[in-house]
Every structure is written in structure tokens, then in C-alpha cells.
Amino acid sequence: KTKWAFWERRMRCVLKIVAFIFIVKGSSETICIDSTTWYKKNNPSRSCNWVSGKPETRCKVKGEGNIRADYACPRTCGTSCFDSLTWHKRNDPQRNCAWVSTFPQKRCYVRGNDEEGTLAMTACPTACGEQQQVRKERFANCKSLGEATSSSSFPRFEENEILPEERILRRVRGGECDAQSQFWRWEEPIVVPQEFEDGSGGDESPGFSGTNIQEELVDEADTVKSSGNILYLASRTVPLSHSELSTTTKCEYRLSIVRDDDSGGDSLQLLASVPLGPLLTTPKEMLIRGNVLLLIGSASLEFDTTSQEERTAYYYNYQDAVVILWFDVSDPTLPRLVRRQIREGYYISGRLIQDTAYLVISRQSWYANSGPWLVPYYRDEIFDQYLDLNQSALLPEEISIDLWQQFAARIPLTNACDCTDIAYAWPMNSELGEFSSVLAISLASVDEATTVPVASDTVATRADRILYASTRAIYLTQQQYLGWNWWRGVDEISSEEDEWDAPQVRTFVLKFEVDAQSVHYSTSFDVPGELVEQFAVSETSDGTKIRFATTARAINNWESVSSGLFVYDAHNGSELGSLTHLAPGESIFAARFLGDGICYLVTFVRTDPLYAIAFESEGTTPIVLDELKIRGFSNYLHPILSIDRVIGLGHDVLELETGGIVTAGLQLSLFDVANNDLARLDLYTIGDTGSFSIATSDHRAFFYDTDSHVLAFPLTLATLDARTEFFPEEVIQPWTQGLVNFQGAFFFKIDDSQNSFSYLGNVTHFVDPDFFTPRWVPYDWVIEGEEEETAGYWDTYFNTYDSGYHISRIFRRGDNLFTVSDSAILKSSFPDLDQISRLELHDTASLAQLFWLGNPFEPVPEI
């Protein structure tokens, strides 16, 4: 054995020397030697010499042992030959760089046996090829950026060619809602306020509760925001009358501003209502700071450069756009639009940290003919600039809106960044087609809102919906589904490789460091597995580590699935520790990190294990402290640190005789987590199969008041009793859905013992008692031989979302509770939930009528 070890060391030295001899370093390139033994699989006559005849396609050909030509013929293919001779997969010396080269899409992310756990893509650059990691580099010029994209709409740029300075819009479309008669509107609405007595209540008056957020000091954009005794709603309003509801019901997108007057009585007052259709904005979310309200919406763009032929193709017609509106709300009865930006792309999410709003936008290049406009473009419209250009002595509110719109229509789109400003994103592949930008917008004052430029940084890749933000950084995520092309290599993966060796999905993370108006792309790294929600990500309080909870499924075995926890260095993206193969066969349904020390996970397949996991070894080593198995599952976990409790909201399940399961009614759980000794103290089940709550997927809909320990959430209630009562002859099966007979909000209180829930009652915005009653809808035609009265179907209920009265948010102010839907706000007493006041948001008759002027399709007259 000793003699063999000696010769093994000698042979390794010889191999290194031979490799060094065969590498010739020139002044501008590195030349490597081609293999003399490689040939195309099953065809010995096609060697590296054959590859040289057409290297652009033949370098991807596989040889015996699945070794690619670009790996075996580096000189011909122009690839590197610096792959490590010592790297191998952890605990498996046989799986080296050559093994990686046979299936780089998956194996380049395997970690090695060294202390650092070096990724194969780092140790084996040739084997990994396009999978090779590139971290912080930026494109050298527009030529290199253009060559990196596969979009046929991008022409090739010359070496010193620059971007066009302007891009002219043909039209913008946004803000239309159902059967409105006018779809194209450009003008700002004129709002004349009602005369109200001052109902502010003074400095001692309590304000509304805020948005349910993940991280302290990091506010999250939402459709409803509060400031003092004012609520701001961006919603889709429809009339209350049940008889008027239909698929063509007229509706409007509006920004509604509502005050809760402390004078008592009918104290909810609609101060202003701004239709967003004239501003071409379909609202998404809002943020507010002081006197500045930022409303983010969507629209679509068509450009003058789009040819008539291209406009006939649906995928060339429109480019997604984000519309950002700045409102001065220092006088909430007269919100004044002071700025509007229209940006190419689609909106991901927004955060507010101190005085700065951060918006994440992604732009897809293939949705419109981009031509030479390679990077995202935008248009910035500032109201005060109109006054300066016209040297007018008129006050802003005296300027006719049609003239301002004419001014705005003349502003071209300009590039939001230069080609050299765009960073490489890892992993960057040959099908680059999206750009993701993080914008930094000052909301410190109305003056800054109109004068401070919007800062941004852009990365050449897409961003998915799951986003995490701390006070220091914003982390964008991208789920890479590696299993879509399983047919290209699944047979090459050993059956011994589990879900963590070759997962179907990997999560790539892009970190942007933020500090006031400064935003900078910092680093990127990958995490095995898939995230279920933003709560599955958490940064430590000192900002040095970032933790992820993921679920992984093996690409070669659908049933091989488990969950894991990973700890990464937040600065360089290196893995510091992990816990894998947690809950084999189950997926993560909910996660919640509490500070730096504890994480609670819910996994599920037939039962709902709740895990308490601690982080040891300076926060780098996750270990399981306790596990609690119960029936059903939770989708959302809400911690109550003051009493060592965690609330879980999810669903009960029914087990079938066949061995399967069916999701049943909603399930509200109260867990004791004191000393991490897990126990469920109380369980409240609501409804049957078909019941659901938006709070299970949107945490902003969940309400909890720390002072009173009152909690609430919106829900749609479906029961089998209602179905049996209406359809008595129907045979109820375990999978039969209940009949929906309620939509509103349920309120609970954690009692004084802190061990159980007390049901307080419910609130609904529906006033028609027959709204959910099933209705017989006859067909317009009758099948031959069928009785006319049987030719139809039962419509079990009108869609509550379309009705406009689906409760989505809940707030508290003082001794009252407020429920919010798209079309109404209802004020109720606490704790008996008696109605105090109701406000219809579409009832704007008491306000001055809103109107618009001008036509964006007519020639713009000279001013």
C-alpha cells in the first residue's frame, strides 16, 4: 500500500508536468492540445480533426463516456484547458471534472471535497462552459451586450456604436376596466374637494394600524396604505346593486382617499377620488412617506417604429410598462399629481426604507420589436417643468390639464441606463432576454420627489416574484427549472444521486446593496432547491449571513424530495453551513425566521410537521430542536414573541380510503414555542372543502393587534351543510366541495390564558342576503329531446372578486376595526363588531365630477 501510494503521488506529479508542457502561453491567447483518442459516440472516424471542420456546431457533440468535444478538443474549440486535476465531488473521488463535463447543466453546481466546498463551475471552467460563474463584471459596450442576447429583434452593434438617444411612443394603454366606453385616456383628472370640517382629531388622535410586514423598518408596498387617520386605496370599484353585476359591469380603477373623522356618527368621509384610467394606469401597489404618495401601476406601450406588419402580430403589439405616479397629498382633499414616469418592463415588488422607496422592475426584450433600443427606456414627466418651459405665471392647479398632456406627449423615451451600466448576472446563459432593475426613489419631501433623479442599477437577467429586503440589501430570486430538458441527460445521472446532488430546481440569488439613494448590484450565488415564499429568506441582524429554506426534488426521481436550510455569506455568496434531507418526502409549506437564532418550518405530505430549528457555530450550523406532527398544514406562520406563541393559518385534510388526501376547510392553530418545546394549544376549523383565505398566500391580508391579541383574516366560506340544504338529493363524497355561502372576515382573540382562541364574530360587505344563493342559468339553446326547463346549469355564486366587495384588508384605529374591499370600507366597533359606518368608494356624486380633455391621437397643437 505504501509503495502504491508513492507511485500514485509520482503519477500525479507527472500528469501535472505533462499538462503544463502542453499548455503554451502566447501573448494574447492560451493554446491547448487536442485529445488524440476522443471520437464521436459510435463513430470512431469523427475525431477532433472532424470537429475542426465545423466547430460552431460540432464542439457540442458528445463522445464515448459522454465527454463533449469542447472538453476533449480545447484547441479546436477555443476553450480553456485549466480544469483542476485534483477536484472531485465530496466523498466521491471518481466524480471529477470529466464527470462534470458529461452533464454540466446539473453537475457544475456540485460542491467539491475541499474545506471551502468549491463549486465544480469554479474548479472545472472548461467542463462547465456556459455555466461558468461571472459575478460582478459589466458589459464592455453595446456590441458585447447585443451579442449576449439571442433575441432576433436585436441587431448587431459595431464596436463603438452607442444607443439611440430617444424612442417615440405611438400610444400607451392602461387603466381600462371591463366595459368602459373609452380605453385611451391621457389627461390628469381635475378634483374639486368637498367642504369638510376638520376631523383630524389633533396630535393625540390614534392612527390606523399599518401593513403586516416581514422585517421591522422595511415597509412593503400594498393596495391599501395608511397615514394617521387617512386611508389610501388603489382599487377597482363597481356599483353595489346586485342586479347590475355582470361580466360587462362598468367599473373604474381609482385612487380613493378616506378620512376617519373622530366626531362620531357617519365618520368615514371620501375626501377625494382620482380615476386612474385617464392616467393610463392599472394600479398595482402604493407606498407613502409624509406628504408623498407613490402609486405603481401597469400599462402597455406601442412605438412609432413598430411597422404595420409587426403590429398585426400579437407579440409585437405591446411592450409591458410600469407607470409610477407621484402625488402630493399634503392636502388629502386635493391630491396633486406632480410627476409621472413610464418605464418599459413589468413590476415585481416595492419596499420603503426610511425616506427611500425601492422598486423592482423586469423588462422582457422579446415582447416587442426592440430594434436598436437594447436597454430599457423610460419617460419622465414632471409637472413643474411644464411651467418652466412655458414661462407661465399660472399656479399649477390653474393650468389646463389638456395643455399639460400635450406637453407630456412630446417627451420622448430615453434610455434608463447605458450598455456599460448593465451587470452580468449569474447564471448568464446564451438566451439572455431580460433586464432586472432596482430603482431608488426619494420620498423625503414633495420637493425631492420632483427634483431628485431616480437612481437605479440593472442586471442582465430576470427576477421572479419572491423578493426579500432588509434595511441593508434587496435580494432578488430566480427559480431555474433544470428539469425541463430531462430527456437531454436524465439517463446520465446515477440513481445514487438524490435531490440535493441533482435538484430539479435551483434558486439563483441577486443581491443589491441599498443605502438611501445608492443602489448597487453586489453579488450573486445559487441555492439548491425552490423557495415557497419570501419568509423562507432571512438576513441576520448584522447583515453578514443570509439564510434560505428550500425544497428540492431529484431530477431523476420525482418521489425523491426533501427540505433543507442553507446559510450563506451575505458578502461573497459562499456557503457556510446547511441542513439537508429534512422531512423526506415532504415539501415546505411555510417558514418563519425569528431573529438570528430560530427558524420554524412547516412541511407537508400527509401530516403537518412543525420544526423548530436553531443555528449554532456562530449561526452557520442549523440543527433541529423539536418536531411536532399534526394533521393538516399551515401556509402562514405569525409569531407573537411577547407570549411565546406562533399562529398558523392553513388547511385541514381528509384522508381517503384509497390512501390519498383531500384539502378540507381552513385551519387556525395556536402553537406554544416556549423553550422550543413545540405543542399545539388550540385548533379552530372553519368550513369545508372549498373554503379559502387570501391570507394563506398574501401575509398583508392577515391582521394581528399586539395590544388586544385580536387577529382576523379575510375568507370565503364553503360548507357541505349549505350544499346539502340546497341540493338534498346530491350524494356527498369526501372530495365534494362545499357551497360558498359567505365572504368576509373572521375575528378571533387569544384569551387571557394565552392557550386558546375565542371567536368574536364576522364582518361582510355583502348586503344582498341572496348573493350566494345558487341560480339556474338557462342555455340560449335547447338540445333536441331535452326539456327546456332542464337545459341550463346551476351557477353556484357570482364571483366575489368581480363584485368588488371581497374583503382584502383589515385595520384598527383606536377602539374601532375597519374592513376594506375594492368598493367599500366598513367601520365596526371593537370587540362586538357592530357596524358604525359604511362608505361606498364608487359613490362620488358628492364630489365634483372628474373629467378629461383632449385626444392623444390628434396632432398636438403648438403651445
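(A) Representation of the overall build of the protein chain in the model. In terms of regular secondary structure, the protein chain is built from 17 helices and 45 strands. Sorting the 863 residues of the protein chain into buried and exposed places 55% on the buried side. For the protein chain, the exposed area adds up to about 37900 Å²; of that, 49% sits on carbon and sulfur atoms.

(B) Up close: the pairing of strand S28 (residues 587-594). Across the 8 residues of S28, 7 count as buried, placing the element largely inside the fold. For S28 and strand S29 (residues 598-604), the ladder comprises 7 bridges, and the chain directions are antiparallel. Bridge pairing links Arg 592 to Tyr 600 in S29. A loop of 3 residues connects S28 with S29, the two strands running antiparallel in sequence, and Gly 595 in this loop sits at a positive phi of about 60 degrees.

(C) Inspection of the pattern of salt bridges at higher detail. Here the structure, examined in full by the defined rule, presents 27 salt bridges. Note that Asp 222 is salt-bridged to Arg 809, the shortest N-O span being 2.8 Å. Separated by 587 residues along the polypeptide, Asp 222 in the loop between strand S4 (219-220) and strand S5 (224-227) and Arg 809 in strand S42 (residues 809-813) bring together distant segments of the chain. Both residues of the pair, Asp 222 and Arg 809, belong to the buried class.

(D) The arrangement of the sheet that holds strand S20 (residues 467-469) in detail. In space, the 4 strands of this open sheet follow the order S20-S21-S22-S23, with antiparallel pairing throughout. Both outer strands of the open sheet, S20 and strand S23 (518-528), are each paired with one neighbouring strand and no more. When strand polarity is set aside, the average angle formed by the axes of neighbouring strands in this sheet is 20 degrees. Inspection of the sheet shows strand S22 (residues 505-515) paired to S23 by 10 bridges, in the antiparallel sense. When the bridges of S23 are listed, Lys 511 appears paired with Thr 523.

(E) Examining unusual backbone geometry more closely. Note that the residue after Phe 830, namely Pro 831, is joined by a cis bond; omega there is 10 degrees. A positive phi is found at His 581, a non-glycine position, where the angle reads about 60 degrees. On the secondary structure map, His 581 appears in strand S27 (residues 575-582). Taking the relative accessible area as the measure of exposure, His 581 reaches 39% and is therefore partly exposed. In this model, Asn 675 sits at a positive phi of 60 degrees, which is unusual for a non-glycine residue. Structurally, Asn 675 is set in the loop between strand S34 (661-672) and strand S35 (679-686).

(F) View of the packing of aromatic side chains. On inspection of all chains with the given rule, the structure shows 28 aromatic pairs. Taken together, the ring pairs in this structure connect Phe 535, Tyr 636, Tyr 684, Phe 702, Phe 713, Phe 742, Phe 746, Phe 748, Phe 757 and Tyr 759 into an aromatic cluster. One cation-aromatic arrangement involves Arg 339 over Trp 326; the distance from NZ or CZ to the ring centre is 4.8 Å. Just above the ring of Phe 615 sits the side chain of Arg 547; from NZ or CZ to the centre is 4.9 Å.

(G) Here's a closer look at the sheet that holds strand S36 (residues 703-705). Pairing in this open sheet of 4 strands is antiparallel, and the strands run S36-S37-S38-S39 from one edge to the other. Looking at the sheet topology across the chains shown, the edges are occupied by S36 and strand S39 (757-763). Mean inter-strand twist for the sheet, computed between neighbouring axes without regard to direction, equals 35 degrees.

(H) Seen up close, the state of the cysteines. For the structure shown, the criterion picks out 3 disulfides. In this model Cys 97 forms its disulfide with Cys 124; the gap between the sulfur atoms is 2.0 Å. Disulfide Cys 97 to Cys 124: torsion about the S-S bond roughly -70 degrees, handedness left-handed. Of this pair, Cys 97 sits in helix H6 (residues 97-101) while Cys 124 sits in the loop between helix H8 (120-123) and helix H9 (125-128); the two residues are 27 residues apart in sequence, bridging distant segments of the chain.

(I) Region of the structure containing empty space enclosed by the protein. Within the structure shown, the criterion is met by 3 cavities of 30 Å³ or more. In this structure, the largest cavity spans a volume of roughly 80 Å³. Here the lining of the largest cavity gets 3 residues from one element, more than from any other, and that element is strand S18 (residues 434-442). Of the residues contributing to the lining of the largest cavity, the split by class is 5 nonpolar, 3 polar and 3 charged.

(J) Up close: the side chain of Glu 586. Looking at the secondary structure, you find Glu 586 in the loop between S27 and S28. One buried charged residue, Glu 586, forms no salt bridge at all, with the nearest opposite charge on Lys 629 at 5.3 Å. At 2.7 Å, the side chain of Glu 586 forms a polar contact with the side chain of Thr 603.

(K) Representation of the environment of Val 777 in the model. Tracing the chain through its elements places Val 777 in strand S40 (residues 775-778). Using a relative accessible area of 25% as the deciding quantity, one classes Val 777 as partly exposed. When near neighbours in sequence (up to four residues on either side) are disregarded, Val 777 contacts Gly 792, Tyr 793 and Asp 795.

(L) Examining the environment of Ser 209 more closely. Relative to the helices and strands, Ser 209 is located in the loop between strand S3 (169-173) and S4. Linking Ser 209 and Lys 225, residues 16 residues apart in sequence, is a C-alpha distance of 9.4 Å. With near-sequence residues (within four places) excluded, Ser 209 lies in contact with Ser 226, Phe 703, Phe 811 and Arg 812.

(M) Fine view of the confidence of the model for the protein chain. Summary statistics for the protein chain give a mean pLDDT of 78 and a share of 74% for residues scoring 70 or more. The model gives residues 241-248 a pLDDT under 50, and that stretch makes 12 contacts with residues more than four places away or in other chains. Note on residues 484-494: pLDDT is under 50 here. Beyond four places in sequence and across chains, it has 21 contacts.

(N) Representation of the environment of Ser 563 in the model. Along the chain, Ser 563 turns up in strand S26 (residues 557-569). Taking the relative accessible area as the measure of exposure, Ser 563 reaches 0% and is therefore buried. Each C-alpha atom of the pair Ser 563 and Glu 586 lies 7.1 Å from the other, and the pair is 23 residues apart in sequence.

(O) The arrangement of the pairing of strand S19 (residues 455-459) in detail. Bridging between strand S17 (residues 422-423) and S19 involves 2 bridges; their strand directions are parallel. Note on S19: the bridge partner recorded for Ala 423 is Val 459.

About the thresholds
- Residues numbered from 1 in each chain as written.
- Predicted model: local features only at pLDDT ≥ 70, side-chain atom pairs only at ≥ 80, totals over all residues.
- Heavy atoms only, no water.
- Helix = DSSP H or I, 4+ residues; strand = E, 2+ residues; numbered from the N terminus.
- Buried < 20%, exposed > 50% of the residue type's maximum accessible area, 1.4 Å probe, protein only.
- Areas by Shrake-Rupley, 256 points an atom, 1.4 Å probe, with all protein chains shown as cover.
- Pairing = 2+ DSSP bridges.
- Salt bridge = Lys/Arg side-chain N within 4 Å of Asp/Glu carboxyl O.
- Axes fitted to C-alpha atoms, helices over the stretch in contact; angles between N-to-C directions.
- Phe/Tyr/Trp six-rings, centres within 6.5 Å; stacked < 30°, edge-to-face > 60°.
- Lys NZ or Arg CZ within 6 Å of the ring centre and 35° of its normal.
- Disulfide = S-S within 2.5 Å.
- 1 Å grid on protein atoms, 1.4 Å probe; cavity = no way out; pocket = protein on both sides within 12 Å on 5 of 7 lines; lining within 4 Å.
- Points joined across faces, edges and corners; volume = space filled by probe spheres on them.
- Nonpolar A, V, L, I, M, F, W, Y, C, P; charged D, E, K, R; others polar.
- Lys, Arg positive; Asp, Glu negative; His and termini not counted.
- Polar contact = N/O pair within 3.5 Å; in protein donor to acceptor, adjacent residues only side chain to side chain.
- Contact = heavy atoms within 4.5 Å.
- pLDDT = per-residue confidence, 0-100.

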